[in-house]
Amino acid sequence: QLQLVESGGRLVQAGDSLRLSCVASGRVSSTYARGWFRQAPGKEREFVAAIMWSSGNTYYTNSLKGRFVISRDKVKNAVYLQMNSLKREDTAVYYCAAALSGAYSHTSERMYEYWGQGTQVSVSS
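Residues numbered from 1 in each chain as written. Predicted model: local features only at pLDDT ≥ 70, side-chain atom pairs only at ≥ 80, totals over all residues. Heavy atoms only, no water.

Enquirer: Just checking my understanding: could you explain the overall build of the protein chain for this structure?
Expert: On a plain count of helices and strands, the protein chain comes out with 0 helices and 11 strands. Put simply, the protein chain runs from its N terminus to its C terminus through helices and strands in the order β-β-β-β-β-β-β-β-β-β-β. A globule of 125 residues ought to have a C-alpha radius of gyration of about 14 Å, and the protein chain, at 13 Å, matches this closely. Look at the contacts in the protein chain between residues 6 or more apart in sequence, and 56% of them connect residues 24 or more apart. Total accessible area computed for the protein chain in this model is approximately 6,300 Å², and 45% of it derives from carbon and sulfur atoms. Taken as two groups, the 15 positive and 9 negative side-chain charges of the protein chain have centres that lie 5 Å from each other. (Helix = DSSP H or I, 4+ residues; strand = E, 2+ residues; numbered from the N terminus. Rg over C-alpha atoms; globule rule 2.2 N^0.38 Å. Contact = heavy atoms within 4.5 Å. Areas by Shrake-Rupley, 256 points an atom, 1.4 Å probe, with all protein chains shown as cover. Lys, Arg positive; Asp, Glu negative; His and termini not counted. Charge placed at Lys NZ, Arg CZ, Asp CG, Glu CD.)

Rendered as structure tokens:
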């Protein structure tokens, strides 16, 4: 088993920056990739970014590339999402996820076996 705990979500103003954290415990040595997804009110959950745990290679959804940055700290078993120039449309619950294998695309929820409880990010204008 692997447990994920997100933190860092809060209410911010448009244009602000925010960093989300996700710390893993348990079966961390088997991690293949970690990802961030988000779900806005009334919308489906969508892929935000992913990082391959071993290589550090990163992937982003096109619309967020350049504003969001995913990184990892292997010693702390943590993954971070740095969000810059936040917009109202970034308001969502942000979820951290972990995959133990690369059986599916890194943009697909199907790849990730473990999920955090989510952290709320609200951006006001």
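Enquirer: Quick question: what am I supposed to make of the environment of Gly118 here?
Expert: Structurally, the position occupied by Gly118 is in the loop between strand S10 (114-115) and strand S11 (119-124). Between the C-alpha atom of Gly118 and that of Ala92, which follows or precedes it by 26 residues, the distance is 9.5 Å. Sequence-distant contacts of Gly118, defined by excluding residues within four places in its chain, comprise Glu6, Val93, Tyr94 and Tyr95.

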